[in-house]
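Take a look at the letters that make up each chain.
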Amino acid sequence: MIQNDTWHILGAGSIGCLWATSLCHKGETPRLILRESSYQQLEQKRIPLKLSTPDQTFLFDVDAVSPETIDSPINRLIVCTKAQDSLSALNSVKPHLAENSQILLLHNGMGSQQTIRDALPMHRIWAGSSTDGAYLSAPFEVCHAGQGQTWIGPLRSNEQSEQGFHDLCDNFRLKVSQCDTIEQKLWEKLAINSCINGLTALFNCRNGELLDNGDKQAWLDRLIVETCAVLTALDIPATSLREKVHGVCQSTARNRSSTCQDARRGRVTELSFINGFLIQQANTLGVTVDGHHQLMNQLGAAGVR
Ligand SMILES: NC(=O)c1ccc[n+]([C@@H]2O[C@H](COP(=O)([O-])OP(=O)(O)OC[C@H]3O[C@@H](n4cnc5c(N)ncnc54)[C@H](OP(=O)(O)O)[C@@H]3O)[C@@H](O)[C@H]2O)c1
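How each quantity is defined
- Residues numbered from 1 in each chain as written.
- Predicted model: local features only at pLDDT ≥ 70, side-chain atom pairs only at ≥ 80, totals over all residues.
- Heavy atoms only, no water.
- Helix = DSSP H or I, 4+ residues; strand = E, 2+ residues; numbered from the N terminus.
- Rg over C-alpha atoms; globule rule 2.2 N^0.38 Å.
- Buried < 20%, exposed > 50% of the residue type's maximum accessible area, 1.4 Å probe, protein only.
- Contact = heavy atoms within 4.5 Å.
- Areas by Shrake-Rupley, 256 points an atom, 1.4 Å probe, with all protein chains shown as cover.
- Near = heavy atom within 4 Å.
- Polar contact = N/O pair within 3.5 Å; in protein donor to acceptor, adjacent residues only side chain to side chain.
- Nonpolar A, V, L, I, M, F, W, Y, C, P; charged D, E, K, R; others polar.
- Axes fitted to C-alpha atoms, helices over the stretch in contact; angles between N-to-C directions.
- Parallel < 35°, antiparallel > 145°, perpendicular 65-115°, else oblique.
- Left-handed = near helix turned anticlockwise from the far one by under 90°.
- Salt bridge = Lys/Arg side-chain N within 4 Å of Asp/Glu carboxyl O.
- Core = buried A, V, L, I, M, F, W, Y, C linked by side-chain atoms within 4.5 Å.
- Domains from an automatic or database assignment.

*Asks:* How should the overall build of the chain be read in this particular structure?
*Replies:* Scanning the chain from N- to C-terminus turns up 11 helices and 11 strands. Taking 305 residues into account, the globule formula puts the C-alpha radius of gyration at 19 Å, and the chain, at 19 Å, falls close to it. The dimensions of the chain, computed from C-alpha atoms along their principal axes, are 60 × 40 × 35 Å. Buried residues in the chain amount to 50% of all 305 residues. Counted over contacts in the chain with a minimum sequence separation of 6, partners at least 24 positions apart contribute 68%. With the model as given, the accessible surface of the chain reaches about 14,000 Å², and the carbon-plus-sulfur share is 46%.

*Asks:* Would you mind showing me how to read the site of the ligand here?
*Replies:* The ligand sits among 22 residues. The nearest are Ile 15, Arg 35, Asn 108, Ala 134 and Glu 270. In the model, an oxygen atom of the ligand is placed 3.1 Å from a nitrogen or oxygen of the Ser 14 main chain. Within the contact set of the ligand, an oxygen atom lies 2.8 Å away from a backbone nitrogen or oxygen of Ile 15. For the shell around the ligand, the secondary structure elements donating two or more residues are helix H1 (14-25), helix H3 (83-93) and strand S8 (133-138). Class assignment for the residues of the shell around the ligand results in 8 nonpolar, 8 polar and 6 charged.

*Asks:* Even after reading the chapter, I still don't get the packing of helix H6 (residues 182-203) against helix H8 (residues 241-251), so can you show me in this structure?
*Replies:* How two helices sit against one another is set out by the angle between their axes and by the gap between those axes. With their axes 10 Å apart at the nearest point, H6 and H8 run at an angle of 55° to one another. With respect to their mutual orientation, H6 and H8 come out oblique. Every pair of crossing elements has a handedness; the one defined by H6 and H8 is right-handed. Packed against H6, whose contacting residues are Ala 191, Ile 192, Cys 195 and Ile 196, the element H8 presents Leu 241, Lys 244, Val 245, Val 248 and Cys 249 at the interface. In terms of residue class, the contact of H6 with H8 is built from 8 nonpolar, no polar and 1 charged.

*Asks:* Is there a simple way to think about the pattern of salt bridges in this case?
*Replies:* One pass over the structure, following the stated rule, counts 7 salt bridges. Measuring nitrogen to oxygen at the nearest pair gives 3.0 Å for the salt bridge that ties Asp 118 to Arg 117. Taking the relative accessible area as the measure of exposure, Asp 118 reaches 54% and is therefore exposed. Residue class for Arg 117 comes out buried when judged on its relative accessible area of 19%. Between Glu 226 and Arg 222 there is a salt bridge whose closest N-O contact spans 3.6 Å. Here Glu 226 pairs with Arg 222, and both are found in helix H7 (residues 215-233), just 4 residues apart, close to one helical turn.

*Asks:* Can you walk me through the nonpolar core in this structure?
*Replies:* Nonpolar side chains tend to gather and get buried jointly when the protein is soluble and globular. Grouped together as the largest cluster of nonpolar side chains are 55 residues, with contacts concentrated most on Leu 77, Leu 90, Ile 103, Trp 187 and Leu 220. For this core, the leading source of residues is H6, giving 10 residues. Looking at this core, you find at least three residues from each of domain 1 (7-180) and domain 2 (185-301). Setting aside chain neighbours within four positions, we find Ile 103 in contact with Leu 77, Val 79, Leu 90, Leu 97, Leu 120, His 123, Arg 124, Ile 125, Trp 126 and Phe 165. Leu 18, Leu 106, Phe 140 and Val 176 belong to the second largest nonpolar core, which has 32 residues in total.

What follows is the structure, given as structure tokens:
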């Protein structure tokens, strides 16, 4: 029997499976919401989920549902799709959202969170920014490769304290903390991603290869300077952005960014919600970001969306 406070997870990719298994580990019984087409292909509607860490493997069974088969109001929802899919995914379950339901948006980038907040005035919308690293080794089998930190916080300033969301911060295998300046956290991550991700997609290279003391690094450093100018205009501290960006390139030197991987597979990337959002804000603020424009234009010409 489904409880009133059951967490529903929308999107069964890496992050959806990571959060679903981590909630199971905590003793919760989350439900996974799949696309209608994916749900129809399942042989059984209770599915085995596997969570692997460098040290351990855990197995859990969870109920899968689809927008057509949800049979009780959703009070607590975690959206784990990519940025470009979040609004349409949410719209697919909108008829099932209880009034005043709690919704946590875990995707990268910015813009879509604010669109969703404005589209759903009757719901409590929170956003998250995470440095966890996870990937699917097979459908419903997630590897938690890098333990990170997730910040969660309300997108409306009058929603400082929410008991339901505090549940995610206590006794949980993921490191989750509440913060009251989530938009700043989102900007801090966007700033780093906007310098690294698009360039790695354009040059089809690993993160570390951007530090080549040559053309790639010159473009990287130009993007950093422009991004700092946008952050400064927004009153967000930007002083150590160069150290942070270079630090990420060094510590993840062998990795390919998610954007680079999506581009290699011909998938739509999240760049419209990263560099695209930054360019939009820069235009509004009157800040020049020609390096970001040039990057997006060259990516577009190369067929990366
Ligand atoms: N993976 C990481 O380590 C990591 C770390 C930090 C942040 N993030 C961010 O977290 C977000 C999710 O990333 P991810 O790696 O989990 O991506 P992902 O593996 O591609 O998962 C996204 C999932 O959402 C599903 N989806 C899309 N539209 C849907 C809909 N309308 N209804 C139901 N499901 C839908 C997708 O299904 P289809 O495949 O059928 O489209 C896919 O299973 C991204 O913004 C990413 O940048 C990821």
